[in-house]
2 protein chains.
Amino acid sequence: MGLIVQKFGGTSVGTPERIRQVAKKIAKKYSEGHPLVVVVSAMGHTTDELITLAQQVSDQPPHREMDMLLSAGERISMALLSMALVDCQIPALSLTGSQSGIITDQSHRRARIRRILGDRIRSALAEKKVVIVAGFQGVSETKEITTLGRGGSDTSAVALAVALGAERCEIFTDVHGVYSADPRVVSSAFLWEKLPHDLMVELATRGAGVLHPRCVELAKQNQMQLIVKNSLDPNESMGTILIQRQAGNSSLGMEEFRVVGVTSDKEKVLIRLRLTRPTVLGAVWERSAQAHLSLISPVFSGQDVSFYSERDGDSEWKKIFDELSSQGFVESYEMVSEIVPVSVVGDRFSQDGSALSEVIDVLSQSHISVVSGSASSLAITLGVLIHQVDDAVRALHAAFLESKKV
Amino acid sequence: MGLIVQKFGGTSVGTPERIRQVAKKIAKKYSEGHPLVVVVSAMGHTTDELITLAQQVSDQPPHREMDMLLSAGERISMALLSMALVDCQIPALSLTGSQSGIITDQSHRRARIRRILGDRIRSALAEKKVVIVAGFQGVSETKEITTLGRGGSDTSAVALAVALGAERCEIFTDVHGVYSADPRVVSSAFLWEKLPHDLMVELATRGAGVLHPRCVELAKQNQMQLIVKNSLDPNESMGTILIQRQAGNSSLGMEEFRVVGVTSDKEKVLIRLRLTRPTVLGAVWERSAQAHLSLISPVFSGQDVSFYSERDGDSEWKKIFDELSSQGFVESYEMVSEIVPVSVVGDRFSQDGSALSEVIDVLSQSHISVVSGSASSLAITLGVLIHQVDDAVRALHAAFLESKKV
């Protein structure tokens, strides 16, 4: 049987009790004969607690030392899970990111995976062991321990699945899978059993919290089958599978646009800046790229630039823009915290204006002001006022996902 | 053996001599045992000649009658090709769009395909006949003859392939396939043997003339294998296959962005308009969508709206905007004919700002002014001056497709 890579998040391994439950789940799968690699996050709030500890010790902890500190979190959970497995009579071996040969670039706290060696994992699998790998961490070419930043553990799991030629990658989390909209906002939102990778990239980029776009991009690029399941669902009866597109049997016309999800993202803010002159654009993007913060839906025209980025990255942006201002690049900037993105994700949006026209029309009928927007072939993203965003999601879901067959 | 749908464009069936050559090509494939459906365009400049005739007869020919007229072009080529096949001892039958059951909406001159019945095609195939279908045309639910507008014949071919469950769809055209850039602009541009559908949608939308985005979208949606070949290449040794993504063996780092093509489009112009107030946006998109003209990279913020559309659609846009102005929706508008879009198409562009930053940097080092731009996960599109656009394409191709392994 083919190799399966499973990943369990912080909540799933949050207590000793839960670690024992996860071990039982793994033991069951192992008994079916599947070779298994299991990626774990740090237990519950461990990472946050370690960050707090660092801040109590130092005003500006060096990123290298932060990575040394934070990478301890997954070492704890991987060792504990390995112990719990041995208790279940399952041969298990834990490996750090470094021991697994997860080679990254040198950007501490936000490293990107370059490639995976995986020799020790392969040897352990050959010995019929379940291999527990610390997620969220790797090692640079210069042998420094790095952490992967946002979406890190999921990305570790998919990267391992790709490098080891796994049959599939299963991400266990605290929701049942990917919904047509956030079920906390839209009571009629439904779970997708299957979704194509490219649409999941857009959903993830635009606020569907269940998976990070990084890991979905990696799965898409390599056509890795990626499954999202609820770790608390004992039967694993629900879940969403990301797979290659299949011939559609939709009741829509062959050339009609179609919608698979409506997302919003209150954790993002609209950032607007005015350059001193158009030619300094390069300097601004370069500086922003170096800071590795998100730049969602970037748009610029002449001296005006706008994009969405993390609300909690505010202070980092302020530092960058103040610096760029003092260097004579940026004339002014604002973080428009009351404007957040709402997106409609689907297919065939750039064929003509009808998708955009219908989206705007739905919002206008619901008396929702649209401040700004842009559209690509797979997504339409609009800036709306934060106090209207839930209404916007509900109106769009009702118009495109409830009344129409999809 | 599986059904193959082949499509031959206007140049391929441009003269009686070429029609006989196409018939020989078809005869060869038929003798290999493949059931065949062949979609043809009108011969050479027939459609243009019919349009000129109509303009000589009437100042404003009704769209319904234009469709009656234009659909004659493919009837001529399909009948001639069928005759040439019978001459080669191949049983052949020609069918119009209507006879083939290509059901469209009611928009004359730009109809969308809703579904395909295909009963007569299936019967003819069962009798071992090669079925020649008139491309670019269909019939509405109210039994009116419609034409499909831009990209129509390619779209007929892919839609038939999907509806008939074909093994693949082969588009014969006058180039060898899909290149990393236009070889007339970039001498080192290379032919792609394989490309994933979603990236081809972006290339086609952004100026790669070889395939129309409509037919690629349809192929993508249904994962139809689509092959582009040169009809003048007797060995059919070259060509590009659009297929599902496969696990990558790229030498790039796992999480690096990658570029597959650089395109530009001198047939597009930047259209900018200023609304009288933000709330009239819906009216503007609705009116634009009704006109069915392209809206590439639409962006809006407050009262400012911009997008790219067909240069030759200028007069139609002027009519729409004058009307919207007189209704108090549009304050002012301009068609910036000296600004055209140049695009970089690839993967992982929305992960962080590094792709955008590098693109801007390359252009700035080549002293190319970037007037505006936007980015999605698969494409970065920038507005540059028309006299600099070829230089822009060469600089970007050199930076991302020659020096880097892809």
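In this text the structure is predicted, and so the values were computed from the model without any measurement.

Caption draft 1: Inspection of the interface of chain B and chain A at higher detail. Each side of the interface is counted separately: chain B has 62 residues, and chain A has 62 residues. Counting residues per element, the ones that place at least two in the side of chain B that touches chain A are β5 (113-116), α6 (152-163), α7 (197-205), α8 (213-221), α9 (281-290), β15 (296-301), α11 (354-365) and β19 (370-375) of chain B. Here the residues of the side of chain B that touches chain A are counted per class, giving 21 nonpolar, 26 polar and 15 charged. Taken together, the 3 bridges between strand β15 (residues 296-301) of chain A and β19 of chain B define a ladder with antiparallel strand orientation. Note on β19 of chain B: the bridge partner recorded for Ser-301 of chain A is Ser-372 of chain B.

Caption draft 2: Region of the structure containing the relation of the copies chain B and chain A. Rotating chain B by 180° about the axis while translating it 0.0 Å along that axis superimposes it on chain A, leaving an RMSD of 0.0 Å. The symmetry that links the two subunits is that of a two-fold axis. In terms of C-alpha distance to the rotation axis, chain B has Ser-376 of chain B as its closest residue, with the C-alpha 3.1 Å off the axis. Counting the interface residues of chain B, we find that 100% of their copies in chain A are interface residues as well, pointing to one common contact surface.

Caption draft 3: Layout of the sheet that holds strand β20 (residues 379-385) of chain A. The 8 strands are arranged β13(A)-β18(A)-β20(A)-β19(A)-β15(B)-β16(B)-β14(B)-β17(B) in an open sheet whose pairing can be described as antiparallel. The outermost strands of the open sheet, each flanked by one partner alone, are β13 (258-264) of chain A together with β17 (330-336) of chain B. The sheet shows a mean angle of 15° between the axes of neighbouring strands, direction not considered. In this sheet, β20 of chain A lies alongside strand β18 (residues 339-347) of chain A in antiparallel orientation, the contact comprising 7 bridges. Across the sheet, Val-342 of chain A pairs through a bridge with Leu-382 of chain A, a residue of β20 of chain A. Across the sheet, helix α12 (residues 389-402) of chain A lies against β13, β18 and β20 of chain A, angled at about 170° from β13 of chain A, the strand it touches most. Contacts from helix α10 (residues 314-326) of chain B reach β14 (268-275), β16 (304-310) and β17 of chain B, with the element oriented near 165° to β17 of chain B.

Caption draft 4: Structural view of α11 of chain B. Given a rise of 1.5 Å per residue, 12 residues ought to cover 16 Å, and the 16 Å separating the end C-alpha atoms of α11 of chain B matches this to within 8%. The complete set of buried residues in α11 of chain B reads Ser-354, Ala-355, Leu-356, Ser-357, Glu-358, Val-359, Ile-360 and Leu-363 of chain B. In the core, the buried residues of α11 of chain B are packed alongside α9 (281-290) and β15 of chain A together with β18 (339-347), β19, β20 (379-385) and α12 (389-402) of chain B. The first or second residue beyond α11 of chain B is His-367 of chain B, which carries a positive phi of 60°.

Caption draft 5: Representation of unusual backbone geometry in the model. Residue and element names in this part refer to chain B. If you check the backbone angles, Lys-128 has positive phi at about 65° while not being a glycine. With respect to the helices and strands, Lys-128 occurs in the loop between α5 (119-126) and β6 (130-134). Take Lys-128: there are 10 C-beta atoms within 10 Å of it, and that puts it in the exposed class. Positive phi outside glycine occurs at Arg-348, with the angle close to 75°. Assignment of secondary structure puts Arg-348 in the loop between β18 and α11. A tally of 22 C-beta atoms within 10 Å means that Arg-348 is categorised as buried.

Caption draft 6: How the structure looks around α7 of chain B. All names here are of chain B. Of all the 9 residues making up α7, 9 are buried; the element is thus mostly covered by neighbouring parts of the structure. Along α7, the residues classified as buried are His-197, Asp-198, Leu-199, Met-200, Val-201, Glu-202, Leu-203, Ala-204 and Thr-205. Of the residues flanking the end of α7, it is Gly-207, one or two places downstream, whose phi is positive at about 120°.

Basis of the calculations
- Residues numbered from 1 in each chain as written.
- Chains lettered and ligands numbered in written order.
- Predicted model: local features only at pLDDT ≥ 70, side-chain atom pairs only at ≥ 80, totals over all residues.
- Contact = placed C-beta atoms within 7 Å.
- Helix = DSSP H or I, 4+ residues; strand = E, 2+ residues; numbered from the N terminus.
- Nonpolar A, V, L, I, M, F, W, Y, C, P; charged D, E, K, R; others polar.
- Pairing = 2+ DSSP bridges.
- Least-squares fit on C-alpha atoms with pLDDT ≥ 70 in both.
- Axes fitted to C-alpha atoms, helices over the stretch in contact; angles between N-to-C directions.
- Expected span 1.5 Å × (residues − 1).
- Buried ≥ 20, exposed ≤ 12 C-beta atoms within 10 Å, placed from the backbone.

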